[in-house]
Amino acid sequence: MVYHSSFVDEEGITKACGCPLLPLKSHIKGPAPVSDQDRTDIVDEAITFFRANVFFRNFDIKSPADKLLIYLTFYINVALKRLEGCRTLAEGTKAIINLGLEKVPVPGESGFPFPGLFALPQSQKEAELLRNYLKQIREETSGRLLSVAYRPNGTPNKWWLAFAKRKFMNNIAS
């Protein structure tokens, strides 16, 4: 059984291209509302559920937050592929920073992993809002992922990096 997001209440949540701009426990600048540090956010859910959800080829979407969970699960898969050859936390951090510097595609652009997952942007402003949110959430996810993919002594955690070989929903992470 696939794990779904607990963020099903959409009241008061801004959306861009049908993607809810959920609050984040983040110090990274961006359009996401700030969440309480003691509350679970969508990034926590994505990392917690990743090792179970990555095995599924189909994902029954029950709320717009599930779409964001799918996107983040794929992104974590991409990030783990980048970390696969990194033998130290320092090398992994460099690889993740380089991944964060890449252009973030939005629906309708080449390179967006799931055509049809989110609606096409209705304006350039909406496209930039979604791009900035996805960039912020990817950076936040990357930082938190490093803390689970590497042990406190800086060595790789094989129980996480082994999942780099998985394909999520038949998409191949690059």
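Bear in mind the structure is a predicted one, so any value in this text is a computation, not a measurement.

Draft legend 1. Layout of the nonpolar core. In this structure, I42, L68, L80, L83, Y133 and I137 are the most contacted members of the largest nonpolar core, which totals 52 residues. Looking at this core, the elements with two or more residues in it are α1 (42-53), α2 (64-83), α3 (89-101), α4 (124-149) and α5 (158-161). Aside from chain neighbours lying at most four places away, what touches L80 is F50, L145, A149, W160, L161, F163 and A164.

Draft legend 2. Expanded view of the packing of aromatic side chains. The full count for this structure, using the stated rule, is seven aromatic pairs. Aromatic side chains Y71 and F112 sit 5.9 Å apart centroid to centroid with 20 degrees between the ring planes, which places their arrangement in the stacked category. Residue Y71 is located in helix α2, and its partner F112 is located in the loop between α3 and α4; the two are separated by 41 residues in the primary sequence. Of the two residues examined, Y71 and F112, each falls in the buried class. The structure contains a cluster of three or more aromatic residues connected by ring pairs, namely F50, F55, W160 and F163.

Draft legend 3. Highlighting the pattern of salt bridges. A full pass over the atoms with the stated rule returns nine salt bridges. The shortest N-O distance in the salt bridge between D44 and K25 comes to 2.6 Å. Here the residue D44 occupies a position in helix α1, and K25 occupies one in the loop between β2 (19-20) and α1, the gap between them amounting to 19 residues. Accessibility assignment for this pair places D44 and K25 in one class, buried. The shortest N-O distance in the salt bridge between R131 and E128 comes to 3.1 Å. Placement of both R131 and E128 in helix α4 is noted, with a separation of three residues, approximately one turn of the helix. Residue classification places R131 among the buried positions, given a relative accessible area of 12%. Residue classification places E128 among the partly exposed residues on the basis of a relative accessible area of 30%. What you see here is one network of salt bridges that share partners, running through K25, D41, D44, E140 and R144.

Cut-offs and rules
- Residues numbered from 1 in each chain as written.
- Predicted model: local features only at pLDDT ≥ 70, side-chain atom pairs only at ≥ 80, totals over all residues.
- Heavy atoms only, no water.
- Core = buried A, V, L, I, M, F, W, Y, C linked by side-chain atoms within 4.5 Å.
- Buried < 20%, exposed > 50% of the residue type's maximum accessible area, 1.4 Å probe, protein only.
- Helix = DSSP H or I, 4+ residues; strand = E, 2+ residues; numbered from the N terminus.
- Contact = heavy atoms within 4.5 Å.
- Phe/Tyr/Trp six-rings, centres within 6.5 Å; stacked < 30°, edge-to-face > 60°.
- Salt bridge = Lys/Arg side-chain N within 4 Å of Asp/Glu carboxyl O.

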